[in-house]
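# Overview (structure and organization)
For reference, the chains in residue letters:
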Amino acid sequence: MVAYAGLNPRIRQSGQWAGKTPIAKTGNVLLRKALYMPALTAKRYNPVITVFCDRLIAHGKRPMQVIIAAMRKLLHIAYGVLKSGQPFDPEKALA
C-alpha cells in the first residue's frame, strides 16, 4: 500500500557511495496529495503520530521527512484498521 502511494524510500547507493534517500514518487500522486493535510493535522492532534514525529525530529530528521513519515504511518494505521476490522486503539499503535 505504501509503495502504491509512492511513499516508500528509494535507496541510492553504489559501492561505498550512498546518496540521499528520497521517496520513490512512482505511486499515485493523488493519494500522496490526499494524505498531506491529514498528516499535518495528525502531527498536531493525534498523540500517536505526535510522539512518532517528535522522536524523528529529535533524531535530526528534516521537517518534510517527518511529514512524509507521518503520511506513511497513517497509511499503516489505516491498513491495520481495515484488515483487522477493529476500531483504532492508540494503546496498540504506541506499542
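Predicted, not measured: the structure shown is a model, and the values here were computed from it.

### Quick notes on the nonpolar core
Core analysis: the largest hydrophobic core is formed by 21 residues, its most contacted members being L7, A39, I49, M71 and L75. Those elements that place two or more of their residues in this core are α1 (2-5), α2 (29-45), α3 (47-58) and α4 (63-84). No other element matches α4, which puts 9 residues into this core.

### Concerning the environment of R72
Among the structural elements, R72 can be located in helix α4. C-alpha separation for the pair R72 and F88, spaced 16 residues apart in sequence, amounts to 16 Å. Excluding anything up to four places from it in sequence, R72 contacts V2, L7, N8 and P9.

### Regarding the layout of surface pockets
Empty space within the largest pocket amounts to approximately 600 Å³. If you trace the largest pocket, you find 23 residues lining it, with P22, I23, Q65, I68 and A69 closest to the centre. Listing elements by their share of the lining of the largest pocket, those giving two or more residues are α2, α3 and α4. Of the residues forming the lining of the largest pocket, the biggest block, 7 residues, is contributed by α4. Class assignment of the residues belonging to the lining of the largest pocket gives a composition of 12 nonpolar, 3 polar and 8 charged. In this structure, the second largest pocket encloses a volume near 190 Å³. Elements that contribute at least two residues to the lining of the second largest pocket include exactly α4 and α5 (90-94). Among the elements that make up the lining of the second largest pocket, the one with the highest residue count is α4 (6 residues). Taken together, the residues of the lining of the second largest pocket break down into 6 nonpolar, 4 polar and 3 charged.

Conventions used here
Residues numbered from 1 in each chain as written. Predicted model: local features only at pLDDT ≥ 70, side-chain atom pairs only at ≥ 80, totals over all residues. Heavy atoms only, no water. Core = buried A, V, L, I, M, F, W, Y, C linked by side-chain atoms within 4.5 Å. Buried < 20%, exposed > 50% of the residue type's maximum accessible area, 1.4 Å probe, protein only. Helix = DSSP H or I, 4+ residues; strand = E, 2+ residues; numbered from the N terminus. Contact = heavy atoms within 4.5 Å. 1 Å grid on protein atoms, 1.4 Å probe; cavity = no way out; pocket = protein on both sides within 12 Å on 5 of 7 lines; lining within 4 Å. Points joined across faces, edges and corners; volume = space filled by probe spheres on them. Nonpolar A, V, L, I, M, F, W, Y, C, P; charged D, E, K, R; others polar.

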